[in-house]
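Observations on chain architecture
Read off the chains here:
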Amino acid sequence: MSPASSTSSSPAHPSGPAVMWFRRDLRLADNPALLEACASGGDDGVLPLFVLDPALWGPAGPSRRSHLVDSLAALDASLRSRRTRLSVVEGDPVREVVAAAREVGAREVHVAADFGPYGAQRDARVEEALAEHDVVLVRTGSPYAVGPGRVTKPDGTPYQVFTPFSKAWASHGWRAPVDAPTGLHGLELASTVDLPEVELPEGLTLPPAGEKAAAERWATYVADHVGDYADERDRPDLDTTSRMSVHLKYGEIHPRTMLADLGRSAGQGRTTYRSELAWREFYADVLHHRPETARDYLKPEYARMPYDEPGDAFDAWREGRTGFPVVDAGMRQLRAVGWMHNRVRMINASFLVKDLHVEWQHGARHFLHWLVDGDLASNQHGWQWTAGSGTDASPFFRVFNPTGQGRKFDPRGEYVRRWVPELRDLPDGADPHEPTPEQREAVGYPAAIVDHKAERVEALDRWETIR
Ligand SMILES: Cc1cc2nc3c(=O)[nH]c(=O)nc-3n(C[C@H](O)[C@H](O)[C@H](O)COP(=O)(O)OP(=O)(O)OC[C@H]3O[C@@H](n4cnc5c(N)ncnc54)[C@H](O)[C@@H]3O)c2cc1C
């Protein structure tokens, strides 16, 4: 096993207090940066710090804001059980982190490295500002089992295709999880802010947040479901995927912990699950190398394809009233629980780009607004993959048929009935994935807003213009 994701740049620990600046790592267990902070601060103490950054808070939708606040509250409760607390401040991290470090007299500020486009730049600015006060920013680990940029082809260039990346990623290996710190002598700031209150829109309920919730969910999943993962992961009606994406997003659990648990026994379910975690790491790697792809086409020629401006059809899509049951079920699930099944995310992304001819960025923005697991790398590249413009993308000519996909992956129509209540009133024998016009009218479900066959041809015609 090779050295994994540590990017620590601290040669030796100076004596004196330290800061642990939490960001996407809201946990005490398996947190190498926190252990480093504790080793550095020793008897002089560690300040557990979180900065509410308006640049991140502003664009976050209600789901992510609410989960973040709940997760911070859970982290604070864990720290309080160790007779300290989380100091929360609000503002530009460049100013706030420097001020916090100076207030407690810290020589080092410890973080897990952030590889996202904004986070990496922010950290560089904070590092520079700290250096002016002789304080060092120490990066240890990251939100990934293998830090982005570490897995490369033999010639040192990044992988463009998932399968060879995932093989190289697996043979690179990762470190074993580490325990929570045993001693944590906590420091506190004199002046902090209360966590904001987040009011959820009516009808939106979210899963429990925090390290304990993540560990419980994962333990149950590994015990009860992972064995069937390979067979069931594409079935939105069975609802047996792990729902760990939200906990991974906020670092309430580290993927290394999950990989260690998966590694203890074999089986197709575990192998497939490991591979899905590798997709998360692959997309982080792609975004690390091509940060502009958070907004721009990874394959630039796709920007030249003719698209339609988002209009009434886009609104119907966002509100789950396109008349395609599986599309509408997904969009309503998104607004009800801040999450959507992966297969349905793909169907919906394909529908927006290839049936409604709207650019992927509009859909990606809507997803990020509502998804509680909204993650720039996985979301933007999940969209680009489906839109045909991404790394290793599904070929553009493979257009998902929403009705056929629904019948295949929700064979009894349980998923669409769960999220589109009108369909529960269909008579026995009706096809829940394609009710007749009379049946639609009788239950108050809209007619299809487009003719899928015609729009498929239209999409391929548009594609011809850039081939
Ligand atoms: C258009 C589109 C948008 C997406 N947006 C996001 C997003 O914002 N945040 C996000 O975490 N995932 C996103 N995904 C990937 C995937 O849909 C979710 O990770 C998954 O549905 C989360 O549910 P789960 O935890 O039950 O997944 P499981 O099936 O239990 O998978 C286990 C874990 O593997 C990872 N994973 C699984 N599939 C993928 C994938 N295709 N790409 C990257 N990682 C994956 C996730 O971390 C997930 O938690 C998107 C996919 C598409 C097609």
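Residues numbered from 1 in each chain as written. Predicted model: local features only at pLDDT ≥ 70, side-chain atom pairs only at ≥ 80, totals over all residues. Heavy atoms only, no water.

1. A closer look at the sheet that holds strand β5 (residues 136-139)
If you trace the five strands from one edge of the open sheet to the other, you get β3-β2-β1-β4-β5, paired in parallel fashion. A single partner strand is all that each edge strand has here, and the edge strands are β3 (87-90) and β5. With direction set aside, neighbouring strand axes in the sheet form an average angle of 30 degrees. Direction of pairing for strand β4 (residues 108-111) relative to β5: parallel, over a ladder of four bridges. Across the sheet, V111 pairs through a bridge with R139, a residue of β5. The strands touched by helix α4 (residues 93-104) are β1 (18-22), β2 (46-52), β3 and β4; relative to β2, the strand with the most contacts, the crossing angle is about 160 degrees. (Pairing = 2+ DSSP bridges. Helix = DSSP H or I, 4+ residues; strand = E, 2+ residues; numbered from the N terminus. Axes fitted to C-alpha atoms, helices over the stretch in contact; angles between N-to-C directions. Contact = heavy atoms within 4.5 Å.)

2. As for the packing of helix α14 (residues 342-355) against helix α17 (residues 402-409)
Following both chains from N to C, one finds α14 and α17 inclined at 170 degrees, their axes separated by 11 Å at the closest point. Our classification of the angle between α14 and α17 gives roughly antiparallel. Taking contact as the criterion, the partners of R343, I347 and F351 in α14 are, on α17, P402, Q405 and F409. Class assignment of the residues belonging to the contact of α14 with α17 gives a composition of four nonpolar, one polar and one charged. (Parallel < 35°, antiparallel > 145°, perpendicular 65-115°, else oblique. Nonpolar A, V, L, I, M, F, W, Y, C, P; charged D, E, K, R; others polar.)

3. Considerations on the pattern of salt bridges
The full count for this structure, using the stated rule, is 25 salt bridges. R122 is the partner of D114 in a salt bridge, and the nearest nitrogen-oxygen pair spans 3.1 Å. For the pair D114 and R122, one class covers both residues: buried. Across the pair E458 and R462 runs a salt bridge, and its minimum N-O distance is 2.8 Å. In this pair, E458 and R462 are both assigned in helix α20 (residues 452-464), four residues apart and thus about one turn of the helix distant. Residue E458 is classed as partly exposed on the basis of its relative accessible area, which comes to 30%. Through salt bridges that share partners, R23, D114, R122 and D123 make up one connected network. (Salt bridge = Lys/Arg side-chain N within 4 Å of Asp/Glu carboxyl O. Buried < 20%, exposed > 50% of the residue type's maximum accessible area, 1.4 Å probe, protein only.)

4. Points about the domain arrangement of the chain
Domains assigned within the chain are domain 1 (18-142), domain 2 (144-175 + 211-289) and domain 3 (300-464). Each of domain 1 and domain 2 has a C-alpha centre, and these two points are 25 Å apart. Contact with domain 1, which involves 15 residues of that partner, is made by 17 residues of domain 2. Both faces considered, domain 1 and domain 2 share a buried interface measuring about 1,500 Å² in area, 45% of it formed by carbon and sulfur atoms. Together, R24, F115 and S142 form the three largest contributors to the area buried by domain 1 at its contact with domain 2, with a combined 39%. (Domains from an automatic or database assignment. Buried area = accessible area lost by both parts, 1.4 Å probe.)

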